[in-house]
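Fold and contact review
The residues making up each chain are set out below.
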Amino acid sequence: MNVILCATRVPSSKSPTGKAKLQLHCTIAWEMDYLKRKCASIFYLDERKTDFDAEVRAGITTFLTSSYILLVNPQVLSAAGVPKTDAVIATALSSGVGSIILGYMGNMPFATVPGLGLSAYLGYGLVAHGTAPVVAFTACFLAGLLTVVLSVAGVTNKIADIVPNSVKIGTIIGMGL
């Protein structure tokens, strides 16, 4: 840890005596090299031919790109009867916790956010057409649980192997449009 001694000149208008004076104060600066080395060893930055600064810039870009969901998702879920403040908190917590788990356990720099398509389907499709919100959210939870079980069992990898590459690429492009 480095301690930096700084001096600033206080203007005479702010001095009680009317004269300019020199004011000394200490600032403690964090040793960034330690943080950079620690992150490089945990996340294998050197092996991936990247560095700490590039990853920080990428993280800020990813956050700014996906932060729209914090504004839009509560609006959509309010159509399903979810209070907006609860939807904001749930969206932020699920995004943050999911991204941290994926980043640390998977050692990959990916962000996870709730899908707006499913929220719109719940709010404007199911609930708006008479399905009780509890039933709609239970169905969503069970579908997510089934996806986790199929992933852990390796079924999703077998299904992905069956699908032709042209369909996989077309699906990815279609999702981006």
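The structure under discussion appears in the preceding block.
Below: a short report on this structure.

What counts as what
By convention here, each chain's residues receive numbers from 1 onward along its written sequence. For this predicted model, a pLDDT threshold of at least 70 governs which residues receive local features, and a threshold of 80 or more governs which side-chain atom pairs are given and counted, while totals over whole chains, interfaces and linings are taken from all residues. By convention in this description, side-chain values take in all heavy atoms of the structure and omit both hydrogens and water. Under the DSSP-based scheme used, a helix requires at least four consecutive residues in state H or I and a strand at least two consecutive residues in state E, with every element numbered from the N terminus. The cut-offs for exposure are 20% and 50% of the maximum accessible area for each residue type, with area from a 1.4 Å probe on protein chains only; residues under the lower value are buried, those over the upper are exposed, and the others partly exposed. Here, two residues are considered to be in contact whenever any of their heavy atoms come within 4.5 Å of each other. Here the accessible surface of atoms and residues is derived via Shrake-Rupley with a 1.4 Å probe, and residues count as covered only by protein chains that are part of the display. Candidates for patches are residues over 30% relative accessible area with no salt bridge; among them, like charges are joined within 9 Å and nonpolar side chains (Val, Leu, Ile, Met, Phe, Trp, Tyr) within 5 Å. When a carboxyl oxygen of Asp or Glu is within 4 Å of a side-chain nitrogen of Lys or Arg, the pair counts as a salt bridge. Throughout, an axis means a line fitted to C-alpha atoms (over the contacting stretch in the case of helices), and angles, computed between N-to-C directions, take values from 0 to 180 degrees. For classification purposes, angles smaller than 35 degrees are called roughly parallel, those larger than 145 roughly antiparallel, those between 65 and 115 roughly perpendicular, and all remaining angles oblique. Two helices cross in a left-handed way if the nearer one is turned anticlockwise from the farther one by less than a right angle. They cross in a right-handed way if the turn is clockwise. What qualifies as a polar contact is a pair of N or O atoms within 3.5 Å, subject to a donor-acceptor requirement within protein and to the restriction that residues adjacent in sequence count only when both atoms come from side chains. Three residue categories are used. Nonpolar comprises Ala, Val, Leu, Ile, Met, Phe, Trp, Tyr, Cys and Pro, charged comprises Asp, Glu, Lys and Arg, and polar comprises the others, including Gly.

Helices and strands together make up the secondary structure of the chain, namely 8 helices and 2 strands. By residue count, 14% of the 177 residues in the chain fall in the buried class. At a minimum sequence separation of 6, the contacts of the chain that also span at least 24 residues come to 40%. Total accessible area on the chain stands at roughly 13,000 Å², and carbon and sulfur atoms take up 70% of it.

Tracing the backbone shows Val82 in the loop between α3 (69-78) and α4 (84-105). Counting along the chain gives 41 residues from Val82 to Gly123, while the straight-line C-alpha distance between them is 9.3 Å. Leaving out residues up to four positions away in the same chain, Val82 has contacts with Leu77, Ala87 and Phe137.

Before going further, it helps to spend a moment on a nonpolar patch on the surface. On the surface, Ile42, Val97, Ile101, Tyr104 and Met105 cluster together to form a nonpolar patch covering roughly 550 Å² of accessible area. Examining the composition of the nonpolar patch, we find that 4 residues originate from one element, α4, more than from any other. With respect to the helices and strands, Ile42 occurs in helix α1 (residues 32-42).

Taken as a whole and assessed by the stated rule, the structure comprises 1 salt bridge. As a salt-bridge pair, Lys36 and Asp53 come within 3.5 Å of each other at their nearest N and O atoms. Within this pair, whereas Lys36 is found in helix α1, its partner Asp53 is found in helix α2 (residues 52-66), the two being separated by 17 residues in sequence. Overall, Lys36 belongs to the partly exposed group, its relative accessible area being 28%.

The next subject is the packing of α3 against helix α5 (residues 116-126). When two helices pack together, their arrangement is given by the angle between their axes and by how far apart the axes lie. Where α3 contacts α5, the axes come no closer than 8 Å and their chain directions differ by 20°. By the criterion of interaxial angle, the relationship of α3 to α5 is roughly parallel. Note on packing geometry: the crossing formed by α3 with α5 is left-handed. Contact residues: α3 offers Ile69, Val72, Asn73, Gln75, Val76 and Leu77, while α5 offers Leu116, Ser119, Ala120, Gly123 and Tyr124.

Another point: the side chain of Thr91. Within the fold, Thr91 resides in helix α4. A distance of 2.7 Å separates the side chain of Thr91 from the backbone oxygen of Ala87, its partner in a polar contact. Not counting residues within four places of it along the chain, the set of residues in contact with Thr91 comprises Ile69, Leu70, Asn73 and Pro114.

With respect to the helices and strands, Ser95 occurs in helix α4. Apart from the residues lying within four places of it in its own chain, the contact partners of Ser95 are Thr112, Val113 and Pro114.

Once that is clear, we can look at the environment of Lys84. With respect to the helices and strands, Lys84 occurs in helix α4. Accessibility expressed as a relative area gives 42% for Lys84, which makes it partly exposed. Spatially, the C-alpha atom of Lys84 lies 5.1 Å from that of Pro74, the residues being 10 residues apart in sequence. If we ignore the near neighbours within four places in the chain, the residues touching Lys84 are Pro74, Gln75 and Ser78.

Interhelical geometry of α5 versus helix α6 (residues 133-153) gives an angle of 150° and a closest axis separation of 10 Å. When the axes of α5 and α6 are compared, the pair comes out roughly antiparallel. In this structure, the crossing between α5 and α6 has a hand that is right-handed. Residues Leu118, Leu122 and Leu126 of α5 lie in contact with α6, whose contacting residues are Ala136, Phe137 and Cys140. Residue composition of the contact of α5 with α6, grouped by class: 6 nonpolar, no polar and no charged.

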